[in-house]
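Working through the structure, step by step
Below, each chain spelled out in residue letters.
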Amino acid sequence: MPPLKSLETEFPILDSNFRSFCASHGILTVEDFLLHDLHALAAHAEEQPSSERLRQGVDQVFAIIDTIHQPWINGMELLEDAQKNKRALSTGCERIDSLLNGGLHEGHVTELAGPSSSGKTQLCLLAAANVAYQHKGGVTYVDTGNSFSPKRIAHFIGQVDQKVLRTVMNSIVCHRVYDIFTLLAMLHELEFRRKSQMCKGDGGVSLLIIDSISSLITPILGSNSPQGRALMISTGSLLKKLAHEYNIAVLVTNHTVGGNRGTIKPALGESWKTIPHTRLLFFRVCGSNTCDVSILKHPYVASGKAAKFTIHD
Amino acid sequence: MEVGRLPISATQKGKLISAGYTSLSSLSSLSPSLLSRDLSITETEALVIIKHASRGGSPSRSPAINGAQTAWEMLHEEELFTRITTSSADLDNILGGGISCKEVTEIGGIPGIGKTQIGIQLAVNVQIPVDCRGLGGKAIYIDTEGSFMVERVLQIAKACAEEMSANYDFSRNGLPSGQVLMQPQDFLENIICYRVCSYTEQIALVNSLDKIICAHREVKIVIIDSITFHFRQDFDDMALRTRLLSGMALKLMKLAKKFSLAVVLLNQAANKYTEGSLQLSLALGDSWSHACTNRIILYWNGNERYAYIDKSPSLRSRSAPYAVTSSGIRNLVSDSKRMKMM
């Protein structure tokens, strides 16, 4: 929220007289305005010689604030929105779809956590291929470890006509991102594009995959400054906002660290736990291609449910 | 808050927020002198902040979007890339043709298994000219343990040069006139070797690799032997170690993608306790294991050396035997076995 003096060009009623009145009460920005006792301010405004203009100024600031906050929505509208706009995208693996009660839900952030080589990237590639082919939706794949393999995607799509393959693979866009600031810039760009596309209709991204978000956050987390955690939380809330407002399913991968007494737990700590709606823990049975998936957190499926799946060639 | 996502220092962000600038739009139309007076910083710093803010506010200039590629384009690009051979056909087989460029490959194993030998072989093989189905590039070898022996490199280079002249003798007519086959000394000239003695030197070197490779564009492989050595002992602050390692991993990934070169990291072995049993894995912990694209673990099976693909997005998990001979890494022939210690 900007300082009051920068609003003068747009709203001439907030002139220097108004501003000096506010400054005498310690109000320099719109934020300070909200924190102040407005009755006391109105009473003081009455005592001033130009009280009419000051009152108009106060009303103007209120009007500005009204445009900033999100509108109120009631339960029926939310339910309608959920049933109409937010479908479940199949991942391509039946067992995981039934575990997740349909698949990856648009509007939700799903996290895959697991030790190295437990099948997370394979599931991401499979979901990307499936959404592009079956659901004909756009896929944005953010790759931080150079592990996006177009050969594997082509394999998952299967034997199809070259033209079809070309259309499907053209709807999967891969971004190589190596630091958190580039990721934030990219997400804001995505939001900007979707905002300008909303009027034009459908045909945007339905699945956003970030593989892996932990490799972008680990270098900045944990030092003495709180900047790392602040960036992590703001990235998380931006992902949730994108998921909800533009009906995108967001899939992120995380690695694991050792917990107490030899158990493994997902990395990124306690603050990150609140960000994803659904969390899955992967575990590879050593020496084979079978992986165990269990639910750590889900909006409406019980935690602890597990399934097995195999990685084929 | 929008200013939170600008790549500036935390103190500058704090100053911006306490002065009331919380959104990018409030910054973009400001003059540097006004901002520097408000925040009591120098005008150059104010100019940098405003530049970042205006770049963030006009999203169409975001570099990340412009560097994006669709999967179809990448599929065709991948087919054009030559891989670096390891001189052992079995090993090349499980690697899908060899070490691929644009990826970070981690190779690790117990001492004596042949990691440095593989590193040296790759540094020589990357120089095989394009006419002989190689890459014709240079190599950067970062030595942290002091195991880079020049005499051994010369030996391997001699063997490679001999093999090249033997295999491509009959195609000599096809070579353009004036092309001279490489001499062993030429191989040595194309390996740029760095010796690092502490972890700060290592991180500083990785940070400056970008500039170094811009000056030597023919470099096609960077080998670090080994990345673990300076991080494994005497590190008190484990959280700092994790941050440093993951930062280094991201920089190496970026390097591999930007210059289309292969990055090979040699790692030491460690034991991991999973499911009630000890298993062989690589050092530096769980968070480092995500830093590479592919991981190959080398191990002994009886008297023979084997390589196992532990992690790869596109390759199957398979093992292949290989042997370390006087001419370098070769296919396993049944009598090249482990020396029995008497």
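Scroll up to find the structure.
Residues numbered from 1 in each chain as written. Chains lettered and ligands numbered in written order. Predicted model: local features only at pLDDT ≥ 70, side-chain atom pairs only at ≥ 80, totals over all residues. Heavy atoms only, no water.

Any pair of aromatic rings gets described here by the distance separating the centres and the angle formed by the planes. All told, the structure shown has 4 aromatic pairs over all chains when counted by the stated rule. Centroid distance Tyr141(A) to Phe148(A): 4.8 Å. Interplanar angle 55°. Geometry classified as tilted. Aromatic side chains Tyr299(B) and Tyr306(B) sit 5.9 Å apart centroid to centroid with 25° between the ring planes, which places their arrangement in the stacked category. (Phe/Tyr/Trp six-rings, centres within 6.5 Å; stacked < 30°, edge-to-face > 60°.)

We now examine the interface of chain A and chain B. Listed by partner, the interface residues are 63 residues for chain A and 52 residues for chain B. Of the roughly 4,700 Å² buried at the junction of chain A and chain B (both faces included), carbon and sulfur atoms supply 61%. When the area that chain A buries against chain B is broken down by residue, the three leading residues are Ser116(A), Asn146(A) and Tyr178(A), summing to 13%. Summed over the shared surface of chain A and chain B, the number is 0 salt bridges. (Contact = heavy atoms within 4.5 Å. Buried area = accessible area lost by both parts, 1.4 Å probe. Salt bridge = Lys/Arg side-chain N within 4 Å of Asp/Glu carboxyl O.)

This part is about the side chain of Lys86(A). Residues and elements named next belong to chain A. With respect to the secondary-structure elements, Lys-86 resides in the loop between helix H5 (75-85) and strand S1 (88-89). When its relative accessible area of 17% is taken as the criterion, Lys-86 is described as buried. A polar contact is formed between the side chain of Lys-86 and the backbone oxygen of His-244, at a distance of 3.1 Å. If near-sequence neighbours (up to four positions away) are discounted, Lys-86 is found in contact with Asp-81, Glu-106, Gly-107, His-244 and Asn-247. (Helix = DSSP H or I, 4+ residues; strand = E, 2+ residues; numbered from the N terminus. Buried < 20%, exposed > 50% of the residue type's maximum accessible area, 1.4 Å probe, protein only. Polar contact = N/O pair within 3.5 Å; in protein donor to acceptor, adjacent residues only side chain to side chain.)

All right, on to empty space enclosed by the protein then. Empty space among the atoms can be located by rolling a probe the size of a water molecule over them. Residue and element names in this part refer to chain B. Under the defined criterion, the tally for this structure stands at 2 cavities of 30 Å³ or more. In this structure, the largest cavity spans a volume of roughly 40 Å³. Lining the largest cavity we find Thr-86, Leu-91, Leu-95, Ile-99, Ile-107, Ile-118, Ile-296 and Leu-298. Grouping the amino acids of the lining of the largest cavity by side-chain chemistry returns 7 nonpolar, 1 polar and no charged. Volume-wise, the second largest cavity comes out at about 30 Å³. Along the walls of the second largest cavity sit Arg-83, Ile-84, Thr-85, Asn-125, Val-126, Arg-133, Gly-134 and Leu-135, which together make up its complete lining. Taken together, the residues of the lining of the second largest cavity sort by class into 3 nonpolar, 3 polar and 2 charged. (1 Å grid on protein atoms, 1.4 Å probe; cavity = no way out; pocket = protein on both sides within 12 Å on 5 of 7 lines; lining within 4 Å. Points joined across faces, edges and corners; volume = space filled by probe spheres on them. Nonpolar A, V, L, I, M, F, W, Y, C, P; charged D, E, K, R; others polar.)

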